Amino acid sequence: MSQVPSDWEVVIGLEVHVQLRTRAKVFASSPWGFGQEPNAQVDPVVLGLPGTLPVVNREAVEKAVLFGLVVGAEIPERCAWDRKNYFYPDNPKNYQLTQKDFPVVVGGRVEIELPGPSRNVMGEHKSVRIHHAHLEEDVGKLSHAGGGSLIDYNRAGVPLLEIVTEPDLRSAAEAEAFLRSLVAMLTQAGVADCDMEKGQLRCDCNVSVRRRGDAQLGTRTETKNLNSISSVRDTVIYEAARQIRELGAGRSIAQETRGWNAELARGYVLRDKEDAHDYRYFPDPDIPALKISRETVARLAKQVPENLYDRQRRYVEKLGLPYTAASVLVADRVLAEWFEAAVAAHPANPSGVANLVANDLLRDLTAAVPPIPLSACPIRPASLAGLVKLTDEGVISKQQAKEVFTEMFNTGQEAAAIVDAKGLRQNSDTGELEKIIREVVADPSVAKSIAEYRAGNEKAINALKGPIMKRTQGKANPGLVDQLLRRILG
Amino acid sequence: MAEGFDIDHLAKLARLSLTAEEKALYASQLGQILGHFQTLAQADLPATADGARVVDESVLRSDEPGPILGAEVVTRIAPASRDGQIAVPRVVDDES
Amino acid sequence: MADALHELSAAELGRRLASGALASRALCEALIARHQAINDKFGAFTHLDEADVLAQADASDARRKAGQGRGPLEGIPVGIKDNVAVKGQPLTCSSKMLAPLVSPYDSHVAERLRAAGAILFGRLNMDEFAMGSSTENSAFRKAFNPWDLERIPGGSSGGSAAALAAGLVPLALGSDTGGSIRQPASHCGVVGLKPTYGLISRFGLVAFASSLDQIGPMARSVEDCALLLDALASADARDMTCFGPSDRALTPAGDARKLRIGVPKGFLGKGVAPEVATAVNAAVEFYRSQGCAVSEVELPSADLAVPTYYVVATAEASSNLGRYDGVRYGHRSAVSGTPVEMMTASRSEGFGPEVKRRILLGTFVLSAGYADAYYVRALRARAKIRAEYLAALAGVDVLLTPTVPTPAFKVGEKAADPLQLYLEDVFTIPANLAGLPAISVPCGKSGRLPVGFHLVGAPLSESKLLAAGRLFEDAHGYAHQQAPL
Ligand SMILES: [Mg+2]
Ligand SMILES: [Zn+2]
């Protein structure tokens, strides 16, 4: 990874296309979804047959509005669609319905978190401004076969929200953090699934560089159609290095549109400014301007989940969670809500609950073949809380808790039931335990350890605990054993 | 008013190839028509084009998947197809 | 021969079909025979699937017999302009570009007609993609005026008007973007109504200029025209610009003698032929004699209508016709090479000269550096024209003018001068720009050639227009007229 010289600054703006989570397409009733036979999800409207007309999907509009509310944007009273005219075989009408002048979402901010110095230390937070987001249609998919190309229009007409940032990002790491934060917000609000393997999130990446301290932005290039977060990161690194090299050598940057070859990890020129399209935008006469009622906005506002980082702050500050656990939990809304349900059942020890959820539970869910989604988790939040409670009350040891957890995970039984069935309740009967301890202490084989302990070697006492636990078949409460042992040894 | 009128550029934008005679003919006819549009250039007009209809959300489509054409119909009406897809000459990257 | 089936009105045919005196099959067979005998003379239809028509007729007769007749249009043939999609029938728009296309879906109006029991009868000739006023721009064959076979029938719904005038069908669909129903109706001596924008769904109407296009009924009488209009108008969720009929009736309604009629000041100055002026003035006098208040109205921006229309219409058309590229359907050139070369060749081969001219014009008025001077100004001019018309129609019920300044011209006469042809639409264009309903009603002859007058009303005032037309029609002999062939 090439480092940006300290006297240079990189300026990045992103245009992120996300496929919204709807069942039907944005201007047609044709269904859509991944993995269908080619052209099986096409109706007359999608194919752009003569005479067909678009009708806007209400759910797509509401998902776009919900996104706006998630990022604290303005939802203008009125939005409208324009035609962007350009010829391309994947574009069934040879114009794209998009929103140029009156987008559905204006403004907003996305909070991002940069990586910390280590995994368990939180990094710096930053706020990235959203310029606007507009609702448009996706195009079909081209593939190349032999001397020709083949077109599958299944993707044509899939609702796309194009989210355009201000040029607020300053490094590849910030771009990456922005996209991770954006994906978390979109998925947590149910706006989009953002499955990058299915092409549900694609980015255009605008990069320029300038000497640190310069007020003016440098000439930017736009790299189109990046389909993973790592491609965006690699593009920023590549493009910044290239531009700095060019400017350093006294050459200038051409305002051009570029592509990215992920296999070769190299960018290339698609077209220069002279080839820039004349899209001949004009208001689409088939779709009247749309008034979005304030009632709709108010209703959708109730669906906005707690902000990711607000939640993280609450976990650390109010619940006392370590950053590591908090950051794992808040990354997934369902997981966080599961955790909170467990904490509600046992509010005394959020960290204990968090530890089991973020480590043991997540590990076992993912290790299962096939992996188990949290929605099908065999353990209920209250049951997990029950396990933590038994441990906190000293009924079982931490070591035993791991064993009980595994049993709960495999059988779905309550912790208390497992503890009883296995006879795991710790032996707290002082009289019987004291008798066992006295017998062990009397055994000549431990005399040496006792002598060392009495001579001031604290650790030597541990050598006695093994035989005691063995004779109680591990049921003794370790704390009580320690306490009695010290008293007996004097 | 029609200065900068570039028939080659227009034809390229519109994806039309024109013969030299066609270019000359259309250029002169378009020039004449645009000349007639002078009244529009000189007219005293309102500052905005208000009056377009605005609809509310009741006219939006509900998110219910409806019928499809089927790949068989799509390929049947297509001029060329292969394996359920529409075939075209090879597209080079962003040729548009 | 007064009782020949092709001379009867749709209303009368409906009565005979309902009474059992006539079967749809017999009617369709008679019209098919007439089509076979005379259509070639003037090219009203470009396609007629006789077996399909007879199958529809048999199905209609069976419904009747089972007591499941669907209303006044049950069993009655309706000719379909070839820009309205009917599943299983060609949808060519009289263009080589769409010559190979058979529509895989039904337009909203086709569904409405089927639901009304009508027989969807053949494909009617038109100017290519509805661009023209003469039907000389059909890629397949020119259509001629049945009243004078050396003259144009008007356009773009020239096939519809000619078919009615020649008695090939009792009812026909047209579409009207700047006068394409009313101008041919006037030239062929039939009635044509362009409804309020949004009254009839455009779903399945091949777009020329989306903000102006409207499907409308054409017939040989106002009564028949109303019958067809009533069947077509209904709300449709597939067209966001369609709001369907209000609860006001679409049939002639109200006392036409009480209508206030406005005559735009100076309309006779616009190159109106003397015979046309005479016929239209007689119509004005007729209404005055019936008790209507006639007044002169001012429409100061009338001169802006033609340029405004041609900027808006061609801009939208240049985009609407972008989809015809030889990729998904329709004509694909044998020229291979890159996709751009294939698309360019397909479009250049598939479109005729008028279509290319309008695409170029529309591309220009939207292009970078010119859109503000042309397209954006045209939108503002359109708003001004609309406001003036609505203001005028607040003071009067209808505006009366000629439909076309002159009677039908000779084939080829204006072919070399597109601008001259564009000026044919001077009286009809404002109704499209303002989204208003308008009707053309026959009111006389210039020699052999029919002349019509034109009424424009406020939004959703179709019943007034029909009532006014009916009053005139009842007092004159122009209803049900057919060309002597
Ligand atoms: Mg972009
Ligand atoms: Zn986009």
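Below you will find a few notes about this structure. Since the structure is predicted, the reported quantities are computational estimates derived from the model, not experimental observations.

## Brief notes about the overall build of chain A
In step 1: Along chain A, the regular secondary structure elements total 15 helices and 16 strands.
In step 2: C-alpha atoms of chain A, sized along the principal axes, occupy 95 × 55 × 50 Å.
In step 3: Residues counted as buried form 56% of the 490 residues belonging to chain A.
In step 4: Sequence-distant contacts in chain A: of pairs separated by 6 or more residues, those separated by 24 or more amount to 68%.
In step 5: With the model as given, the accessible surface of chain A reaches about 21,200 Å², and the carbon-plus-sulfur share is 51%.
In step 6: For chain A, the separation between the mean place of its 61 positive charges and that of its 64 negative charges on side chains is 3 Å.

## Things to note about the coordination of the zinc ion (ligand 2)
Residue and element names in this part refer to chain A.
In step 1: Protein ligation of the zinc ion (ligand 2) involves His 17 (NE2), Glu 136 (OE) and Glu 162 (OE), the donor distances falling in the range 2.0 to 2.1 Å.
In step 2: Here the donor residues for the zinc ion (ligand 2) map to a single chain with the spacing H-x118-E-x25-E.
In step 3: Separating the zinc ion (ligand 2) from the magnesium ion (ligand 1) is a gap of 4.5 Å. With a gap of 119 residues between them, His 17 in strand 1 (residues 8-19) and Glu 136 in strand 7 (residues 125-137) connect regions that are remote in the sequence. Note on accessibility: His 17 and Glu 136 belong to one class, buried.

## Here's the deal with the sheet that holds strand 15 (residues 282-283) of chain A
All names here are of chain A.
In step 1: Taking strand neighbours across the sheet as the criterion, the three strands line up as 4-3-15 in an open arrangement whose pairing is antiparallel. Because the sheet does not close on itself, it has two edges, and the strands there are strand 4 (95-98) and strand 15.
In step 2: Where strand 3 (residues 82-85) lies against strand 4, four bridges are found, and the strand directions are antiparallel. Residue pairing in the sheet places Asp 82 in a bridge with Thr 98 of strand 4.

## Overview of the interface of chain A and chain C
By a frequent convention, interface size equals the accessible area lost on bringing the separate parts together.
In step 1: With 33 residues of chain A at the contact, the number on the chain C side is 37 residues.
In step 2: With both sides pooled, the region where chain A packs onto chain C buries about 2,700 Å², and carbon together with sulfur makes up 64% of that total.
In step 3: The largest share of the area that chain A buries against chain C comes from Pro 50, Leu 53 and Arg 280 of chain A, three residues that together contribute 22% of it.
In step 4: Counting the contacts that link chain A with chain C gives one salt bridge.
In step 5: Summed over the shared surface of chain A and chain C, the number is 17 residue pairs in polar contact (both at pLDDT 80 or more).
In step 6: Looking at the side of chain A that touches chain C, the elements with two or more residues in it are strand 3 and strand 15 of chain A.
In step 7: Grouping the constituent residues of the side of chain A that touches chain C by class yields 22 nonpolar, six polar and five charged.

## Quick look at the interface of chain B and chain C
In step 1: Every contact between the two is made by 54 residues of chain B and, on the other side, 55 residues of chain C.
In step 2: Carbon and sulfur atoms make up 69% of the surface buried where chain B meets chain C, a total of about 4,500 Å² over both sides.
In step 3: Among the residues chain B hides against chain C, the three largest losses belong to Arg 15, Leu 16 and Leu 40 of chain B. Together they make up 14% of the total.
In step 4: On the surface where chain B and chain C come into contact, there are one salt bridge.
In step 5: Our count for the chain B to chain C interface comes out at eleven residue pairs in polar contact (both at pLDDT 80 or more).
In step 6: Within the side of chain B that touches chain C, the residues separate by chemical class into 37 nonpolar, nine polar and eight charged.

## A closer look at the packing of helix 2 (residues 20-36) of chain B against helix 11 (residues 353-366) of chain C
In step 1: At their nearest, the axes of helix 2 of chain B and helix 11 of chain C sit 11 Å apart, and the two run at 60° to each other. By the angle between their directions, the pair helix 2 of chain B and helix 11 of chain C is classed as oblique. Between helix 2 of chain B and helix 11 of chain C the crossing geometry is right-handed. Of the residues in helix 11 of chain C, those in contact with Glu 22, Tyr 26, Gln 29, Leu 30, Ile 33 and Leu 34 of chain B of helix 2 of chain B are Pro 353, Lys 356, Arg 357, Leu 360, Leu 361 and Phe 364 of chain C.
In step 2: Tallied by class, residues from the contact of helix 2 of chain B with helix 11 of chain C come to eight nonpolar, one polar and three charged.

## Details of the packing of helix 7 (residues 222-232) of chain C against helix 15 (residues 462-475) of chain C
All names here are of chain C.
In step 1: In contact at an axis separation of 9 Å, helix 7 and helix 15 are set at 155° when each is read in the N-to-C sense. In terms of orientation, helix 7 lies roughly antiparallel with respect to helix 15. Contact residues: helix 7 offers Val 222, Glu 223, Ala 226 and Leu 229, while helix 15 offers Glu 462, Leu 466, Gly 469, Arg 470 and Glu 473.
In step 2: Split by residue class, the contact of helix 7 with helix 15 holds four nonpolar, one polar and four charged.

Scoring rules and cut-offs
Residues numbered from 1 in each chain as written. Chains lettered and ligands numbered in written order. Predicted model: local features only at pLDDT ≥ 70, side-chain atom pairs only at ≥ 80, totals over all residues. Heavy atoms only, no water. Helix = DSSP H or I, 4+ residues; strand = E, 2+ residues; numbered from the N terminus. Buried < 20%, exposed > 50% of the residue type's maximum accessible area, 1.4 Å probe, protein only. Contact = heavy atoms within 4.5 Å. Areas by Shrake-Rupley, 256 points an atom, 1.4 Å probe, with all protein chains shown as cover. Lys, Arg positive; Asp, Glu negative; His and termini not counted. Charge placed at Lys NZ, Arg CZ, Asp CG, Glu CD. Donors = N, O, S within 2.8 Å, 3.2 Å for Na, K, Ca; no water. Pairing = 2+ DSSP bridges. Buried area = accessible area lost by both parts, 1.4 Å probe. Salt bridge = Lys/Arg side-chain N within 4 Å of Asp/Glu carboxyl O. Polar contact = N/O pair within 3.5 Å; in protein donor to acceptor, adjacent residues only side chain to side chain. Nonpolar A, V, L, I, M, F, W, Y, C, P; charged D, E, K, R; others polar. Axes fitted to C-alpha atoms, helices over the stretch in contact; angles between N-to-C directions. Parallel < 35°, antiparallel > 145°, perpendicular 65-115°, else oblique. Left-handed = near helix turned anticlockwise from the far one by under 90°.

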